[in-house]
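# Structure at a glance
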Amino acid sequence: MTATEAWVRVCAVEDIPLLGSRVLRRAQDADIALFRPAAARVFALADRCPHKGGPLSQGIVSGDTVTCPLHGWNIRLDSGLACAPDAGCARRYPVQVRDGEVWLSLRPAARADAEAPAEAA
Amino acid sequence: MGKPRLVVVGNGMAGIRTLEELLKLVPDMYEITVFGAEPHPNYNRILLSPVLAGEQTFDEIVLNPLSWYADNGIVLHLGKEVVRIDRARRRVVAADGTQAEYDRLLLATGSVPFILPIPGNGLEGVIGYRDIHDTQAMIDAAKVKKRAVVIGGGLLGLEAANGLKLRGMDVTVVHLAGWLLERQLDPVAGALLEKSLAQRGLDFRLGTSTTEILGDETGRVAAVRFSDGGEIPADLVVMAAGIRPNAALAQAAGIHCNRGIVVDDTLQTYDPRVYAVGECASHRGIAYGLVAPLFEQARICANHLATYGIGIYAGSVSSTKLKVTGIDLFSAGEFMGGEGAEEIVLSDPAGGLYKKLVIKDDKLVGACLYGDTGDGAWYFKQIKDGASIDARRDTLVFGQTALGDSGTGGQDRAASMADGDEVCGCNGVCKGTIVKAVREQGLFTVDEVKKHTKAASSCGSCTGLVEQILMNCLGSNFQETPKTKAVCGCTDRTHAQVRRAIGEHRLVSHAQAYAFMEWRTPNGCATCRPAINYYLISTWPREAVDDPQSRFINERAHANIQKDGTFSVIPQMKGGVTNPSELRRIADVADKYAIPMVKVTGGQRIDLLGVKKEDLVEVWRDLGMNSGHAYGKSIRTVKTCVGSEFCRFGTQDSTGMGIALETMLANMWSPHKVKLAVSGCPRNCAESGIKDVGIIAVDSGWEIHVGGNGGIKTEVARFLAKVKTAAEVKEHVGAFLQLYREEAYYLDRTVHYIERVGLDHVKQKVVEDADSRRALYERLLYALEGLPDPWAARIAGTQAREYTPLTLAPPKADRQIALALED
Ligand code: SRM
Ligand SMILES: Cc1cc2nc3c(=O)[nH]c(=O)nc-3n(C[C@H](O)[C@H](O)[C@H](O)COP(=O)(O)OP(=O)(O)OC[C@H]3O[C@@H](n4cnc5c(N)ncnc54)[C@H](O)[C@@H]3O)c2cc1C
Ligand code: SF4
Ligand code: FES
């Protein structure tokens, strides 16, 4: 993979603890949380809970969700959507794991809830 | 070899609940066959009264539709009454000849209405009140007949009478005792009830026995005659004079019966292959007639049928509510008083209010409430817990509100609350929302309410109120089962079962625990993971794997997360004692890291608030102090007063004692946080009365109090022991805390733990039995020995990446261009 696809290499997969997360600090922009729910799966979300902006990177990762440390919302890692009964969405960034390395696209993916009419975008 | 066969006789509430509990534990263990004499699937018998009153329909009260049986592979024989048990061949035979062989047999045949042995009791129009068939017969009779006589002024009789009246009949209730509900109410409350039912148009003949039922020429009932010679006309007679355990089938098979089918604490009959639950069973001489105890039996019985062999049924205290809309009465326990009992009575007959509490040996043993039952659930809990009420005696009768704690104060009266009143302040949930969810979604437990409405899911201080709302919606169908609830949605196992399995099967890692206990999720959830982590490390110290990813952020980072994502740092300050050089270092650190706030905590130490996560390790290094564990389910503080070294009243060196205890307990993890205090004399300046362990020095030694709590719901610590020497204090305190560490469920503070197991149990293990105390103390020291201070460990490099954010590699020129082009 080359950088021309707007992908940037972040770290080795092992740099993120299994069932854990790391925060990616950026000079100008907001933090991104990287999660590793399974050995070779990594997801990235904006490090801001849709509830009151809690740092999702500090939550407990289990199954396909992370539990926000501030008030316990569960956020789906693959879509950024809050699990019912809560409603909201954290911005999602595409991630690829290649040869044990984590690559991230810094262009946020389309909002997972954009097509769901019930959800206020 | 095929699966063992389980045959259930009785398709009612207790039998089917046992199957539900069994299927939760072992879905595939048995081939199950059920015989039910009634031609219906299992329905909620309790709700026959609302059906009779026209408030609900039969379809609404079905608990297990036919599909449930099919889905679980259960062979169901409806409308087939078992008439014979052949124990030698291990099979049962139904009236129509259907047979089934068993390896285990469960008898759940319920009760039969007691039919008075008087002339005319077999006439057409004389019925009992037990099943939907009887209920339908009453509904049909009310359409064409006018006059009903109900024999029996108990719960069942009054509910029948109320329903028939609502359906337009003239109803007379004949009752042998001098007041209504004599088994549930005392005479005063009984009279209040009679008055309000009379206002609804019911007639009563109290203190009267029925001698004969007279028929007309067609063999239909025409009148009822009493012992005093009086007589009243009747078209329908409902016998509600009591129930008898339905044990005839078992008796005929030679299974030991004594009124009911005699069972032991595992619900096994004298034939080891045969179990019995429900109203047909007689346990320690009692046959219960309300569902809550039967459900408890079902749970224990299922556990033994599943061959888990955990749990004994030790009997139940039950409470009663009458399901007549608009009438509030509640009674529980030994409300009649009697020898050695004291009574507290609050009576306002004109206002329709009456409250009686019965106290024995400093404990609440019974309650009888009429008119305002808002505190019913609360009193019931006190009765079941058997906690001493000594400290609350003066205000007890005024109910929970009178305790004035902010958790429940002023809002505990679930019954009198309006739908728009807020119940859960954290999530803004109103009473109406909860009631609606309970009704529409058929919720039974506080947990379900939490899930569906979010009420009580945050700080939890409104849990009691939610319980009351549930109880008011469900009547005595409601079970408060904190001890028996599953850990979380990932499993059906309870905290007790999980603890036990981890201990018995030497489970030392999360993966082992989830695999062995067949967790439904691959790696748990944010609720169970921290609990399992605690159980692992407390059961197998130095052996189990402490998993940082299973700890809440505070315990993972060893600091307390704040609303803006920064952290607070509270260094250990043993006994609240510091010195100039520590203070100077704290000041320097605050300057160097631009810490926005320095505050003295409520726990006698200093808090540095607003520290950035990536600065934490450096802050700790510069402070050069140990972790205060202000973030963990762990030892927190030992507060002290100045004591005998300086104070003119001090009797012992309380400061020194506090420092010794805090040193001993350093780095101790526990089910919830643990706070101690040591005061130098009974003036108690360290507030020992509201601590998990509170020590008060007296001239002759030290008093140890346990189970206090100054938090959400203030609880005063209870006296555990008085000892002479400092060494004894350490051993007692250590042993108590180890017992708590070993036996409490995760997130139970000491007060909750003691409420559950009883102070006597604690005293037995910690005070009376010196060997047990020493062993506990040694286990604590073993668990703590060699544990590093977590801050020191992190300064030395442990878990470094937790504190280090990732950054992007300095952008190469070509990459930047590529990115720019893409944008
Ligand atoms: C810092 C401190 C307040 C202060 O500035 O004085 C404090 C701060 C917090 N307390 Fe406390 N409590 C503090 C003393 C107390 C006390 C008084 C005491 O310890 O003597 C109590 C009542 C005593 C008791 O626990 O019985 C107290 C009862 C609670 C409770 C209710 C506990 C309960 O079982 O009822 C909670 C909620 C919980 O733990 O679930 C809580 C929770 C919290 C949390 C951790 C809330 C949270 O989960 O984030 C607060 C962290 C604030 C922050 O952003 O850092 N705090 N908290 C005190 C630290 C004391 C220390 O030196 O360790
Ligand atoms: C009108 C009414 C109101 C009530 N209100 C309350 C209340 O508010 N709160 C409360 O806690 N309790 C209440 N109860 C009591 C509660 O319903 C019972 O305690 C509970 O149903 C008992 O459960 P069980 O399984 O032991 O018996 P049942 O639910 O009666 O089940 C026994 C079943 O076994 C069947 N059976 C019996 N013998 C045989 C046989 N030989 N072969 C096949 N099948 C057989 C019966 O037909 C019956 O279906 C009420 C009861 C009634 C009737
Ligand atoms: S009382 Fe405790 S939990 Fe509440 S705001 Fe103050 S510090 Fe936070
Ligand atoms: S900020 Fe995440 S749950 Fe409140």
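Residues numbered from 1 in each chain as written. Chains lettered and ligands numbered in written order. Predicted model: local features only at pLDDT ≥ 70, side-chain atom pairs only at ≥ 80, totals over all residues. Heavy atoms only, no water.

The name an unreviewed UniProt entry assigns to chain B is Nitrite reductase large subunit, from the organism Pseudoxanthomonas broegbernensis. What the UniProt record of chain B gives under Pathway (unreviewed entry) is the line "Nitrogen metabolism; nitrate reduction (assimilation)." Reading the Sequence similarities (unreviewed entry) entry of the UniProt record for chain B gives the comment "Belongs to the nitrite and sulfite reductase 4Fe-4S domain family." (UniProt positions renumbered as here; feature names shortened; annotations may be inferred.)

As annotated in an unreviewed UniProt entry, chain A carries the name Nitrite reductase (NAD(P)H) small subunit and comes from Pseudoxanthomonas broegbernensis.

### Focus: the interface of chain A and chain B
With 35 residues of chain A in contact, the opposing surface of chain B contributes 33 residues. Both faces considered, chain A and chain B share a buried interface measuring about 2,900 Å² in area, 59% of it formed by carbon and sulfur atoms. On the chain A side of the contact with chain B, R22, Q58 and I60 of chain A bury the most area, a combined 22% of that side's loss. Counting the contacts that link chain A with chain B gives one salt bridge. With a shortest N-O distance of 2.0 Å, R25 of chain A and E614 of chain B are connected by a salt bridge. At the junction of chain A and chain B, the tally comes to 11 residue pairs in polar contact (both at pLDDT 80 or more). Broken down by secondary-structure element, the contributors of at least two residues to the side of chain A that touches chain B are β1 (7-12), β2 (20-25), β3 (32-38) and β5 (60-62) of chain A. For the side of chain A that touches chain B, the element with the most residues is β2 of chain A, which contributes five residues. Its residues placed into classes, the side of chain A that touches chain B shows 20 nonpolar, seven polar and eight charged. The sheet contact formed by β2 of chain A and strand β38 (residues 806-807) of chain B spans two bridges and is parallel. Directly across from R25 of chain A, in β38 of chain B, lies its bridge partner T807 of chain B. (Contact = heavy atoms within 4.5 Å. Buried area = accessible area lost by both parts, 1.4 Å probe. Salt bridge = Lys/Arg side-chain N within 4 Å of Asp/Glu carboxyl O. Polar contact = N/O pair within 3.5 Å; in protein donor to acceptor, adjacent residues only side chain to side chain. Helix = DSSP H or I, 4+ residues; strand = E, 2+ residues; numbered from the N terminus. Nonpolar A, V, L, I, M, F, W, Y, C, P; charged D, E, K, R; others polar. Pairing = 2+ DSSP bridges.)

### Thoughts on the site of ligand 1
All names here are of chain B. The environment of ligand 1 is formed by 21 residues, the closest being K599, T601, G602, R605 and K673. Between ligand 1 and Q562 there is a distance of 2.8 Å, counted from an oxygen atom to a side-chain nitrogen or oxygen. The side chain of K691 places a nitrogen or oxygen atom 3.1 Å from an oxygen atom of ligand 1. Looking at the shell around ligand 1, its residues break down into two nonpolar, 11 polar and eight charged. (Near = heavy atom within 4 Å.)

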